[in-house]
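Each chain is listed here by its residues.
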Amino acid sequence: MAKKQFKAESKRLLDLMIHSIYTNKEIFLRELISNASDALDKRYYLSLTDENQRVDKNELKIRIDLDKENRTITLTDSGIGMTQEELESNLGTIAHSGSLEFKQKLEEGTSDVDIIGQFGVGFYSAFMVAQRIIVETRSAQSEQAYSWISNGEDGYTIAPIMKEDVGTKIILELKEESEDDKVDEYLDEYTIKNLIRKYSDYVRWPIEMEVETTKTVEGKDEPETVKEIQTLNSMVPLWKRNKSEIKEEEYNEFYKNKFMDWENPAKVMHYSVEGTTSYNALLFIPAKTPYNFYSADYEPGLQLYCKGVFIMDKAKDLVPDYFRFVRGLVDSDDLNLNISREILQQDRQMKTLAKSIEKKIKNTLEDMLKNDREKYEEFFKNFGLSLKFGVYQDYGMHKDQLQDLLLFKSTNNDEYTTLDEYVSRMKEGQDQIYFASGESIELIKKLPQMEKLQDKGYEVLYFTDDVDEFAANIMMEYKEKKFKSINQGDLDLDDEEEKKAKEEKTQENKSMLDKMKDALGDKVKEVRLSSRLKSHPVCLVSDEGLSMEMEKVLNQMPNQNEVKAGKILEINPDHDIFTTLQKIYDKHPELMDEYTDLLYTQAMLIEGYKIDDPIAYANQVCDLMIRANQE
């Protein structure tokens, strides 16, 4: 019996695959089971198309036997089997796929025929744990059976043998246990059961194994340990069952067990798509934010299956970052798999799949917002930040598809509002969407700038998240209405008569305002009279561009060069403080610097800034109080 050599390119690929491509040895079992499933698919199809090849579907199965004494794992299937030529072609050449050829030849068939493919590649992954592999196979279309034997190093032998049943038996003679090759665990039935549950639970054919179990025997006090054949896989995945047959409790239990959550999901998305890329999906929106959701430790992504075979745990490319809160799985019939199931081609099919999933999630959220507002608001409390970051990320590429999903609380009863709802309530002639930024709604309400806007009946959005202003700047406008911070630039709230009166007062007090600006130096860009204040004496606003809230956020970031917003000190010309300043400027101009600094520090405190010298400020206030008493 002459030994045959692997082709040169196959020999190189074998060495490369064992040492480089497959980094997780346990997947050898997944690959062998997938190949056995392929063989069963082929035989079942043959039985449907050839009356001479009829087979009882109940006889089609996969069996695993463990032999600790002889250190072997045996995997047997009652599939199509292989002829001598097919052994040469499928096992003599790495990366040759009998399943792929079968699928190409299959021009018409039933929807029950499922092919996973890449037989040769998956088969050779077994050399990660085996020092020698023996394959015994008999084709359904031949009376002669053959063996194929190889140690993966110096070729293989093929010889005729006696084999009564159609199908294939693969015997793995395991390597010796060592520091580099820890393989003894694969002789443990508990390990095998776990691997099948992890990778092959939804293979459509039963996977059987003899296992030890404890049973109570009639007439005996103590239970006995017995061995029995058990089916290890569930075969029919929940996501491939008809939705009408699944109870809410089943979805909830599946989610909690699969994704390690203790609460029922807030939303379930169970659907299938037929087309260029067909797939089944079962997606969930959690009821609560995971504890590490906003940390680098959180790993987004969906579980990926191909024909019920587990491929990847966190396929992050299947969901965009702004929908990273979605958990679940996708099972596609049409994915292209590269040299192993661990390496997915980033091709058109994957991109099409991701685009379809994104559209489904967006439509689901829109439907929830429209038809179940209370549930959507609860969702937004948990994951709204992701949507806001999505608007800001990638230079606003996704703003059009996300902006209608955003919610902000506003002065309209302090309740959540969409941008569309805000615009629908805008006053006649209003051409800007007003917002105010701060650490909390309570602090924003106390801002001096708020009073006049509310007096004039303008609704103001509360921006309490760090990302809010950045997102608004990226959006720039919504339905042709520009976003406008009440703490920034000119609000233009006055009518023509008020504007004229303010301009006249500014000119009359120009020298005093210039004096105040000189006193503050480069702390402010300008000191001016305010049109946004009603009963409050003073406020600090920023010039157009970088706002004060954005300055605070950016300066908190690590490795960030300090940035400064252009600040403007505004004085209320209708407040008693303005009259006081005029008197001081006329009678005691030498005190203007001190009073100006005092007002500036007060404005800084109102805006939530830390002042440079609190002790100096406290002494300054005390000195003024003493001076006032002396006068």
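Residues numbered from 1 in each chain as written. Predicted model: local features only at pLDDT ≥ 70, side-chain atom pairs only at ≥ 80, totals over all residues. Heavy atoms only, no water.

1. Here's the deal with the overall build of the protein
Right, so step 1: Secondary structure summary: the protein contains 20 helices and 22 strands in total.
Right, so step 2: Whereas a compact globule of 631 residues would reach a radius of gyration of roughly 25 Å, the protein reaches 36 Å, over 25% beyond that.
Right, so step 3: For the C-alpha atoms alone, the extent of the protein along its principal axes is close to 120 × 65 × 50 Å.
Right, so step 4: Expressed as a percentage of its 631 residues, the buried residues of the protein come to 50%.
Right, so step 5: The contacts in the protein between residues at least 6 apart in sequence include a share of 70% that link residues at least 24 apart.
Right, so step 6: Summed over all atoms, the accessible surface of the protein reaches about 32200 Å², with 45% contributed by carbon and sulfur.
Right, so step 7: Each charge class in the protein can be summarised by its mean position, and for the 86 positive and 124 negative side chains these summaries are 2 Å apart. (Helix = DSSP H or I, 4+ residues; strand = E, 2+ residues; numbered from the N terminus. Rg over C-alpha atoms; globule rule 2.2 N^0.38 Å. Buried < 20%, exposed > 50% of the residue type's maximum accessible area, 1.4 Å probe, protein only. Contact = heavy atoms within 4.5 Å. Areas by Shrake-Rupley, 256 points an atom, 1.4 Å probe, with all protein chains shown as cover. Lys, Arg positive; Asp, Glu negative; His and termini not counted. Charge placed at Lys NZ, Arg CZ, Asp CG, Glu CD.)

2. Quick look at the environment of Val 563
Right, so step 1: The topology assignment puts Val 563 in the loop between helix 17 (548–556) and strand 22 (567–571).
Right, so step 2: On a C-alpha basis, the gap between Val 563 and Val 553 in space is 10.0 Å, while along the polypeptide they are 10 residues apart.
Right, so step 3: Each residue touching Val 563, except ones within four places of it in the same chain, is listed here: Leu 546, Glu 551, Leu 554 and Asn 555.

3. Focus: the sheet that holds strand 13 (residues 327–332)
Right, so step 1: A sheet is described by the order of its strands in space; here five strands give the open sequence 9-10-13-11-12, paired in mixed fashion. Each edge of the sheet is formed by a strand with only one pairing partner; in this case those strands are strand 9 (267–273) and strand 12 (309–315). Neighbour-to-neighbour, the strand axes of the sheet open up by a mean angle of 15 degrees, direction not taken into account.
Right, so step 2: Two elements, strand 11 (residues 302–306) and strand 12, share four bridges in a ladder whose sense is antiparallel. (Pairing = 2+ DSSP bridges. Axes fitted to C-alpha atoms, helices over the stretch in contact; angles between N-to-C directions.)

4. Overview of the sheet that holds strand 22
Right, so step 1: In spatial order, the strands read 20-22-21; together these three strands make up an open sheet with mixed pairing. Taken across any chain shown, the strands that pair with only one partner, and hence form the sheet edges, are strand 20 (526–529) and strand 21 (538–542). The sheet shows a mean angle of 30 degrees between the axes of neighbouring strands, taken without regard to direction.
Right, so step 2: Sheet topology note: the strand 20/strand 22 ladder contains four bridges and is parallel. Counterpart to Leu 529 in the pairing with strand 22 is Ile 571.

5. What to know about unusual backbone geometry
Right, so step 1: Its identity is not glycine, yet Tyr 395 carries a phi of approximately 55 degrees, on the positive side.
Right, so step 2: Looking at where Tyr 395 falls in the secondary structure, it is placed in the loop between helix 9 (373–392) and helix 10 (399–402).
Right, so step 3: For Tyr 395, a relative accessible area of 81% puts it in the exposed group.
Right, so step 4: Despite not being glycine, Glu 480 shows a phi value in the positive range, around 65 degrees.
Right, so step 5: For Glu 480, the location among the structural elements is in the loop between strand 18 (477–478) and strand 19 (481–485).

6. Some remarks on helix 7 (residues 248–259)
Given 3.6 residues to a turn, an α-helix orients residues that are three or four positions apart in the same direction.
Right, so step 1: Here helix 7 spans 16 Å end to end across 12 residues, near enough to the 16 Å set by a 1.5 Å rise per residue.
Right, so step 2: Listed in full, the buried residues belonging to helix 7 are Tyr 251, Asn 252, Phe 254, Tyr 255 and Phe 259. In a view along the axis of helix 7, the buried residues occupy a sector of 165 degrees, so they form one face of it. Of the exposed residues in helix 7, those oriented more than 90 degrees away from the buried face are Glu 249 and Asn 257.
Right, so step 3: On the buried face of helix 7, the contacting elements are strand 9, strand 10 (279–285), strand 11 and strand 13.
Right, so step 4: Met 260 lies just past helix 7 and shows a positive phi near 55 degrees. (Expected span 1.5 Å × (residues − 1). Arc of directions from axis to C-beta.)

7. Side note on the layout of surface pockets
By rolling a water-sized probe across the atoms, one finds the places where empty space is left.
Right, so step 1: Considering only enclosed or pocket space, the largest pocket measures out at about 900 Å³ in volume.
Right, so step 2: As for the largest pocket, its lining consists of 38 residues, and the residues nearest its centre are Glu 551, Lys 567, Met 604, Tyr 609 and Lys 610.
Right, so step 3: Elements represented by at least two residues in the lining of the largest pocket include exactly helix 14 (468–475), helix 17, helix 19 (592–606) and helix 20 (614–630).
Right, so step 4: The element contributing the most residues to the lining of the largest pocket is helix 17, with seven residues.
Right, so step 5: Looking at the lining of the largest pocket residue by residue, the class counts come to 12 nonpolar, nine polar and 17 charged. (1 Å grid on protein atoms, 1.4 Å probe; cavity = no way out; pocket = protein on both sides within 12 Å on 5 of 7 lines; lining within 4 Å. Points joined across faces, edges and corners; volume = space filled by probe spheres on them. Nonpolar A, V, L, I, M, F, W, Y, C, P; charged D, E, K, R; others polar.)

8. Some points on helix 15 (residues 496–508)
Right, so step 1: With 13 residues, helix 15 extends 19 Å between its outermost C-alpha atoms, agreeing within 8% with the 18 Å of an ideal straight helix rising 1.5 Å per residue.
Right, so step 2: Where helix 15 begins, one side-chain oxygen reaches toward the backbone nitrogen of Glu 497, 3.2 Å away; that side chain belongs to Asp 495. (Polar contact = N/O pair within 3.5 Å; in protein donor to acceptor, adjacent residues only side chain to side chain.)

9. A look at the packing of helix 18 (residues 576–587) against helix 19
Right, so step 1: In the contact formed by helix 18 and helix 19, the axes pass within 10 Å of each other and the chain directions differ by 160 degrees. By the criterion of interaxial angle, the relationship of helix 18 to helix 19 is roughly antiparallel. In this structure, helix 18 uses Ile 577, Leu 581, Ile 584 and Tyr 585 to contact helix 19, whose residues at the interface are Met 592, Tyr 595 and Leu 599.
Right, so step 2: For the contact of helix 18 with helix 19, the residue count by class is seven nonpolar, no polar and no charged. (Parallel < 35°, antiparallel > 145°, perpendicular 65-115°, else oblique.)

10. Describing a negative patch on the surface
Right, so step 1: Residues Asp 495, Glu 497, Glu 498 and Asp 574 make up a contiguous surface patch of negative charge.
Right, so step 2: Structurally, Glu 498 is set in helix 15. (Patch = residues over 30% accessible without salt bridge, like charges linked within 9 Å, V, L, I, M, F, W, Y side chains within 5 Å. Salt bridge = Lys/Arg side-chain N within 4 Å of Asp/Glu carboxyl O.)

11. Observations concerning the side chain of Thr 411
Right, so step 1: When you line up the elements, Thr 411 lands in the loop between strand 14 (408–409) and strand 15 (416–417).
Right, so step 2: At 2.9 Å, the side chain of Thr 411 forms a polar contact with the backbone nitrogen of Val 460.
Right, so step 3: For Thr 411, the contacting residues outside a window of four places in its chain are Met 450, Gln 454, Tyr 458, Glu 459, Val 460 and Tyr 462.

12. Some points on the pairing of strand 9
Right, so step 1: As paired strands, strand 9 and strand 10 are joined by seven bridges and run antiparallel to one another. Note that in strand 10 the partner of Met 269 across the bridge is Leu 283.
Right, so step 2: Between the antiparallel neighbours strand 9 and strand 10 lie five residues.

13. Regarding the pattern of salt bridges
Right, so step 1: Under the counting rule described, the total for this entry stands at 40 salt bridges.
Right, so step 2: Of the charged contacts in the structure, one is a salt bridge between Asp 65 and Arg 63, with a shortest N-O distance of 3.0 Å.
Right, so step 3: A residue is classified by how much of its surface remains accessible, and Asp 65, at 26% relative accessible area, is partly exposed.
Right, so step 4: A salt bridge links Glu 250 to Arg 241; the shortest N-O distance between them is 3.1 Å.

14. What to know about the packing of helix 16 (residues 510–520) against helix 18
Right, so step 1: Contact pair helix 16 / helix 18: the axes reach a minimum separation of 11 Å and the direction vectors enclose 90 degrees. In terms of orientation, helix 16 and helix 18 fall into the roughly perpendicular class. Between helix 16 and helix 18, the residues in contact are Ser 511, Met 512, Lys 515 and Met 516 and Phe 578, Leu 581, Gln 582 and Tyr 585, respectively.
Right, so step 2: Here the residues of the contact of helix 16 with helix 18 are counted per class, giving five nonpolar, two polar and one charged.

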